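Observations on chain architecture
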Amino acid sequence: MDNNTLDECRAVYLTAEDLRLAASVLYNAYHDDPFFVDALSTSDKFAYEQKLRAAIREELNALWQEKQALIGLFDQTRLVGVACVVTQEVPLGEGRYWHWRLKMLLGTGWQSTQAMMKKESSIVELLPSEHCGILQFIALAPNEQGKGLGHQLVQAVVSWCDEQPELEGIGVFTTQEAHSQLFMQHDFVSLGELSIGNVAGQLLFYTGQQDE
C-alpha cells in the first residue's frame with residue numbers, strides 16, 4: 001500500500017496500539033448503522049451500545065489476529081479514518097471459527113451473532129469467486145467528515161487491493177445512496193440488490209487492477 005501523503009494525510013497499516021482508538025472511530029461511525037441497529041436489536045439503548053462495542057472490538061481483534069488488512073488514515077499522528085478488509089482465506093459466515101462465535105456470542109447474544117454470520121454468507125454468495133475480499137468496516141471520525149477524506153480512505157482500499165496479486169476484488173454492502181455514490185466514484189459497480197434481515201441495500205464490487 002502506498003503511504004504517500006495526500007493533503008497531509010497518509011494511509012498506513014494499523015498497529016496493535018492503534019486498535020483501541022480504531023474501535024472508537026468505528027463505534028461512533030456505526031452507532032446508527034441500519035444493519036447493526038437491526039442485528040443487535042434491543043429496546044435498551046445502553047444494552048445496544050454495549051453490544052455494538054463488543055461486536056466491533058471482537059471483530060477488530062479477530063481481523064488483527066488473522067493478519068487481515070487494517071488500514072488507518074492519519075493526519076500526522078491523529079487517526080482520522082479506518083478501513084478493514086477481510087479475505088476468504090479466513091472462514092466467513094457459517095464457517096466462522098468457534099472461538100470467534102463464542103466471543104461474539106458472549107458479547108452480543110445468539111441472535112446477533114447469527115445475524116452477523118448471515119450477512120457474511122449472503123455477501124460471499126454474490127461475490128464472483130473465493131478470491132475476493134469484503135470491506136467489513138470503513139469509517140471517518142465524526143469531526144473529520146465533509147473534508148474529502150472519505151475519497152482518500154476508499155482510494156487507500158482500492159490501492160491496497162490492486163497490490164494483492166491473489167485478490168480479484170473487494171465487495172462492500174451499502175445501505176445509503178451517498179455511500180454507494182462514493183464507492184462508485186472509485187470504480188465499484190453493483191452486483192445487485194441484497195436484503196439482510198430487515199435491511200435492504202446493494203452489494204458493490206471493485207475489480208482489482210493487478211499488473212499482468
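This text gives an overview of the structure that appears in the document. These numbers were taken from a predicted model, which means no experiment stands behind them.

1. Examining the packing of helix H1 (residues 19-30) against helix H3 (residues 45-65)
With their axes 10 Å apart at the nearest point, H1 and H3 run at an angle of 135° to one another. Classified by the angle between their axes, H1 and H3 sit oblique to one another. As for how H1 packs across H3, the hand of that crossing is right-handed. Residues Leu19, Ala22, Ala23, Leu26, Tyr27 and Tyr30 of H1 form the contact with H3, whose own contacting residues are Tyr48, Glu49, Leu52, Arg53, Ile56, Leu60, Asn61 and Trp64. For the contact of H1 with H3, the residue count by class is eleven nonpolar, one polar and two charged.

2. Quick notes on helix H4 (residues 98-108)
Looking only at H4, the buried set comprises Trp100, Met104 and Thr108. All buried residues of H4 project into a common sector of 35° when viewed along the axis, lining one side. What points out from H4, more than 90 degrees from its buried face, is the exposed set Trp98 and Leu106. Taken together, the buried residues of H4 touch H3 and helix H5 (110-126). A positive backbone phi angle near 100° is found at Gly109, which sits one or two residues after H4.

3. Digging into the pairing of strand S4 (residues 132-140)
S4 sits mainly inside the fold: eight of its nine residues count as buried. Across seven bridges, strand S3 (residues 78-87) lies against S4 in antiparallel orientation. Across the sheet, Thr87 pairs through a bridge with Gly133, a residue of S4. As judged from the three bridges shared by S4 and strand S5 (residues 169-174), these two strands associate in the parallel manner. Note that in S5 the partner of Ile134 across the bridge is Gly171. Considered for its hand, the β-α-β crossover made up of S4, helix H6 (residues 149-162) and S5 is right-handed.

4. Focus: the sheet that holds S5
Spatial strand order, S1-S2-S3-S4-S5-S7-S6: seven strands in an open sheet with mixed pairing. Among the strands making up the open sheet, the edge pair consists of strand S1 (9-13) and strand S6 (189-196). Strand-to-strand twist in this sheet, taken as the mean axis angle between neighbours without regard to direction, amounts to 25°. When strand S2 (residues 69-75) meets S3, the two strands line up antiparallel, connected through seven bridges. Its bridge partner being in S3, Gly72 is matched across the sheet by Val82. The sheet strands contacting H1 are S2, S3 and S4, and the helix crosses S4 at an angle near 80°. Of the strands in this sheet, S1, S2, S3, S4, S5 and strand S7 (199-207) are in contact with H6, which crosses S3 at around 35°.

5. Structural notes on the nonpolar core
Residues Leu26, Phe36, Ile56, Leu60, Val82 and Cys84 are the most contacted members of the largest nonpolar core, which totals 44 residues. Each residue touching Val82, except ones within four places of it in the same chain, is listed here: Leu14, Ala22, Val25, Leu26, Ile71, Phe137, Ile138, Ala139 and Leu153. Listed in part, the 25 residues of the second largest apolar core include Ala11, Val154, Ala156 and Val158.

Conventions used here
- Residues numbered from 1 in each chain as written.
- Predicted model: local features only at pLDDT ≥ 70, side-chain atom pairs only at ≥ 80, totals over all residues.
- Heavy atoms only, no water.
- Axes fitted to C-alpha atoms, helices over the stretch in contact; angles between N-to-C directions.
- Helix = DSSP H or I, 4+ residues; strand = E, 2+ residues; numbered from the N terminus.
- Parallel < 35°, antiparallel > 145°, perpendicular 65-115°, else oblique.
- Left-handed = near helix turned anticlockwise from the far one by under 90°.
- Contact = heavy atoms within 4.5 Å.
- Nonpolar A, V, L, I, M, F, W, Y, C, P; charged D, E, K, R; others polar.
- Buried < 20%, exposed > 50% of the residue type's maximum accessible area, 1.4 Å probe, protein only.
- Arc of directions from axis to C-beta.
- Pairing = 2+ DSSP bridges.
- Right-handed = clockwise from strand over helix to strand, strands pointing away.
- Core = buried A, V, L, I, M, F, W, Y, C linked by side-chain atoms within 4.5 Å.

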